[in-house]
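Letter by letter, the chains look like this.
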Amino acid sequence: DLELEVPMRAEHIFRIGSITKQFTAAAIVRLIENGELDREAMLRDVLPEQAFEGHEITIEQLLHHTSGIKSYTGMGQAWQEVVRNPLPPAELIALVKTQPFDFPPGKGWAYNNTGYYLLGMIVEEVTGEPYDQYIQNEFFSPLEMSRSSYGWEQPIIKGRAEGYSLRDNQVVNDDFLYMGHPYAAGSLLSTVDDLITWTHALHDGRVVDSDSYQLMITPVQTSRGSAGYGYGLMISKLGEHPRIAHGGGIFGFSTQLSYYPEQKLCVAVLLNTDAVSAGRLENRITRRLLGMPEPAAASSGR
């Protein structure tokens, strides 16, 4: 905290941004496992009021970012005008309903916050519980992730980190964001230790069963080949080492959570500034841990 001159500690609590998506995906998978939802079910059948007329969109397409729906955070001025406002979900979805699709459902891939927002609404519709309470009851409490929660602004959360941005080469406080907007796409708070607890639980089979886990880490195939994205998880490599990961970027924060299955290594990087890439820092940390040479640009200090 730059204003109060409080040094950072590992137990400080950060906005984790889009790392939230793997919690949302796991919640949907739990409902599928329990027979309460079908991954091939149509959005219009689960959320009739949020259907997109003339488009057949499945739950799995929302998970994979292959729905073609416009991402509300990519709408420029229209998004900026409401970013501070406590819009109800129906009004936020209404922002994109009049927008043309990026591509027909299932015919392409584009990272999409609207899809995961809708998945949060599906969790609430199927369970009858608010999204934040469901995540708390199903994941945070059973896994003893005591410093993780939804990122509402009003509660007093001890150890919550302040977020910072860079303007004209000066560090400034981050802009205000109504935390109902990121919702199931990016609203959660956590710590490095809690995220490591979560990662090992997920990959050790303590969150979803083995078949569901394989679905989560199987990248969707498009006409252009693999999109490198499963259910809320990005599938890639660092050098020759397979990596299952997700990053996050939200006002004032940059985050990265990566798992290397061959080594059973988890690396969590949380930064309380959006001016630096947590993903790049994770790469450097992991290269050092695995004895990999750094790329020329990184080793020269740039």
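In the block above lies the structure referred to throughout.
Presented here is an overview of the structure given in this document. (Residues numbered from 1 in each chain as written. Predicted model: local features only at pLDDT ≥ 70, side-chain atom pairs only at ≥ 80, totals over all residues. Heavy atoms only, no water.)

The next thing to look at is the sheet that holds strand β5 (residues 188–190). Across the sheet, which stays open at both edges, the three strands sit in the order β1-β5-β2 with antiparallel pairing between neighbours. The outermost strands of the open sheet, each flanked by one partner alone, are β1 (14–15) and β2 (149–150). (Pairing = 2+ DSSP bridges. Helix = DSSP H or I, 4+ residues; strand = E, 2+ residues; numbered from the N terminus.)

Across all of its chains, the model carries 13 salt bridges by this definition. The partner of Arg 39 in a salt bridge is Glu 40, and the shortest N-O contact between them spans 4.0 Å. Using a relative accessible area of 44% as the deciding quantity, one classes Glu 40 as partly exposed. Each of Arg 39, Glu 40 and Glu 60 takes part in salt bridges that share partners, so that together they form one network. (Salt bridge = Lys/Arg side-chain N within 4 Å of Asp/Glu carboxyl O. Buried < 20%, exposed > 50% of the residue type's maximum accessible area, 1.4 Å probe, protein only.)

Here we come to the pairing of strand β10 (residues 253–260). Of all eight residues that make up β10, eight are buried, and the element is covered over most of its length. By the alternation rule, side chains of β10 split into Phe 253, Thr 255, Leu 257 and Tyr 259 and Ser 254, Gln 256, Ser 258 and Tyr 260, which are all buried. In terms of strand pairing, strand β9 (residues 241–250) meets β10 through seven bridges, oriented antiparallel. In the sheet register, Gly 249 faces β10, and the bridge partner there is Ser 254. Following β9, the chain reverses through two residues before pairing antiparallel with β10; Gly 252 in that reversal takes a positive phi of roughly 90°. Across seven bridges, the pairing between β10 and strand β11 (residues 265–271) is antiparallel. Residue pairing in the sheet places Tyr 259 in a bridge with Cys 266 of β11. Where β10 folds back onto β11 in an antiparallel hairpin, the turn is made up of four residues, including Lys 264, whose phi is positive at roughly 50°.

Relative to the helices and strands, Tyr 134 resides in helix α7 (residues 131–140). As a C-alpha pair, Tyr 134 and Lys 97 span 37 residues in sequence and 27 Å in three-dimensional space. For Tyr 134, the residues in contact, after removing those within four places along its chain, are Ala 27, Arg 30, Leu 31, Val 123, Thr 127, Glu 129 and Phe 139. (Contact = heavy atoms within 4.5 Å.)

Here the focus is the packing of aromatic side chains. Counted according to the given criterion, the structure contains 14 aromatic pairs. Plain terms: the ring middles of Tyr 131 and Tyr 150 are 6.4 Å apart, the flat faces sit at 80° to each other, and that makes the pair edge-to-face. You can see Tyr 131 sitting in helix α7 and its partner Tyr 150 sitting in strand β2, a full 19 residues away along the chain. In terms of burial, Tyr 131 and Tyr 150 fall into one category: buried. For Tyr 150, a relative accessible area of 9% corresponds to the buried category. Put simply, the rings of Tyr 72, Trp 79, Tyr 117, Tyr 131, Tyr 150, Trp 152, Tyr 178 and Tyr 183 pair up and form one aromatic cluster. Just above the ring of Tyr 116 sits the side chain of Lys 21; from NZ or CZ to the centre is 5.9 Å. (Phe/Tyr/Trp six-rings, centres within 6.5 Å; stacked < 30°, edge-to-face > 60°. Lys NZ or Arg CZ within 6 Å of the ring centre and 35° of its normal.)

Here Thr 114 shows up in helix α6 (residues 113–127). Since its relative accessible area comes to 0%, Thr 114 is described here as buried. Within the structure, Thr 114 has its side chain in polar contact with the backbone nitrogen of Tyr 72 (distance 2.8 Å). (Polar contact = N/O pair within 3.5 Å; in protein donor to acceptor, adjacent residues only side chain to side chain.)

What follows covers the side chain of Thr 58. Relative to the assigned elements, Thr 58 resides in the loop between α2 (43–46) and α3 (59–64). For Thr 58, the residues in contact, after removing those within four places along its chain, are Arg 39, Glu 40, Ala 41 and Met 42.

Next up on the list: the packing of helix α5 (residues 89–97) against α6. Close contact between α5 and α6 brings their axes to 11 Å; oriented N to C, the two are set at 150°. When the axes of α5 and α6 are compared, the pair comes out roughly antiparallel. Considering the relative orientation of α5 and α6, their crossing is left-handed. In contact with Pro 89, Leu 92, Ile 93 and Val 96 of α5, α6 contributes Thr 114, Tyr 117, Leu 118 and Met 121. Residue classes in the contact of α5 with α6 are distributed as seven nonpolar, one polar and no charged. (Axes fitted to C-alpha atoms, helices over the stretch in contact; angles between N-to-C directions. Parallel < 35°, antiparallel > 145°, perpendicular 65-115°, else oblique. Left-handed = near helix turned anticlockwise from the far one by under 90°. Nonpolar A, V, L, I, M, F, W, Y, C, P; charged D, E, K, R; others polar.)

In this section: the pairing of β11. Buried residues dominate β11, accounting for seven of its seven residues. Side-chain alternation along β11 places Leu 265, Val 267, Val 269 and Leu 271 on one buried face and Cys 266, Ala 268 and Leu 270 on a second face that is also buried.

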